[in-house]
Amino acid sequence: MLTLFRELRRRKVFQTCFLYIFAAWGSLQIIDVLFPLLDLDGDLISRYIFVLTIAGFPVAFALAWFFQITPKGVVRSTPFVERRVLSNIPPLNDRRSAGKPSYFRKTDMPEEFEWTLTAETGPLAGLSFGVDRSLVMGRSLESDIAVVSPHVSRHHARLDLDGDQLTLEDLGSANGTVVNGRSLTGRCALHNDDEIRFHDIVFRVSRSYSNAYRGVELHSKTTYIEIPPDRDTGSDQGH
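Heads up: these notes are all about the structure in this document. (Residues numbered from 1 in each chain as written. Predicted model: local features only at pLDDT ≥ 70, side-chain atom pairs only at ≥ 80, totals over all residues. Heavy atoms only, no water.)

## Looking at the pattern of salt bridges
A complete count under the given rule lists 10 salt bridges for this structure. Note that Glu169 is salt-bridged to Arg158, the shortest N-O span being 2.8 Å. Taken as a pair, Glu169 in strand 8 (residues 165-170) and Arg158 in strand 7 (residues 157-162) lie far apart in primary sequence, 11 residues in all. Under the relative-accessibility criterion, Arg158 is labelled partly exposed at 23%. What you see here is one network of salt bridges that share partners, running through Glu120, Asp193, Glu195, Arg197 and Arg204. (Salt bridge = Lys/Arg side-chain N within 4 Å of Asp/Glu carboxyl O. Helix = DSSP H or I, 4+ residues; strand = E, 2+ residues; numbered from the N terminus. Buried < 20%, exposed > 50% of the residue type's maximum accessible area, 1.4 Å probe, protein only.)

And the structure:
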């Protein structure tokens, strides 16, 4: 029932039905006021409109389920699963069984990421995402990491990689972005175990130092070079 209620809200069925009832009520009010002035039988017309309103309600409900009125006109409502399979990157810990539909884009992922973003609360709770390029986070289903929540803006924030450094920038979101309890203004550098919060949705940043400091570790190791013995050493000692 909860899934059905969310789907009715997403398809704006409740809004359409409310507008339908409001339009029918407004028509009855106009008839009650206007028809007596024109010496017409308003009661009879009102009864007809009332009956037609009740009979047409299932039709209005069905049309609201399959179609939506947008600034571009009347468009068909697409199923949620169809809309979800877009450009969202797959989580690292996606354990869906083979053969089942995945709501994330299928890509070849590297075995190890230096930076990882894990959702602790919200619709993506428990999922981790590897960061190896610029990623946009937001409510829009076209985002790289889609966070479907009314408290998240369509394009809320962006993660960027500057060399080995991960940065976060708020994209003018309505509710703002909070990093470690402080509101984000502009762009900030992220570190291991930092907390990113979109209203009540929390993400945790993790950094793997195995790749970041591999070169440093190699330079810090002592290198032994074996020098071959000089052939003339023995002759020098003999003189």
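## Some remarks on helix 2 (residues 13-37)
For helix 2, spanning 25 residues, the distance from its first C-alpha to its last is 37 Å, which sits close to the expected 36 Å at 1.5 Å a residue. For helix 2, the complete set of buried residues consists of Val13, Cys17, Ala24, Leu28, Ile31 and Phe35. Check the buried side of helix 2 and you find it contacts helix 1 (2-10) and helix 3 (42-66). (Expected span 1.5 Å × (residues − 1). Contact = heavy atoms within 4.5 Å.)

## Observations concerning the pairing of strand 2 (residues 73-76)
Pairing analysis gives four bridges linking strand 1 (residues 67-70) to strand 2, with the strands arranged antiparallel. Bridging across to strand 2, Gln68 finds its partner in Val75. The antiparallel hairpin formed by strand 1 and strand 2 contains two residues in its connecting segment. (Pairing = 2+ DSSP bridges.)

## Quick notes on the packing of aromatic side chains
One pass over the structure, following the stated rule, counts five aromatic pairs. Judged by centre distance (6.0 Å) and plane angle (35°), the rings of Phe22 and Trp25 are tilted. One end of the pair, Phe22, and the other, Trp25, are both in helix 2, three residues apart, so they sit about a helical turn from each other. One aromatic cluster is present, built from ring pairs that chain together Phe18, Phe22 and Trp25. (Phe/Tyr/Trp six-rings, centres within 6.5 Å; stacked < 30°, edge-to-face > 60°.)

## As for unusual backbone geometry
Its identity as a non-glycine residue notwithstanding, Lys12 has a phi of 60°, on the positive side. The topology assignment puts Lys12 in the loop between helix 1 and helix 2. Of note, His199 is a non-glycine position whose phi angle comes to about 60°, a positive value. The topology assignment puts His199 in the loop between strand 12 (195-198) and strand 13 (201-207).

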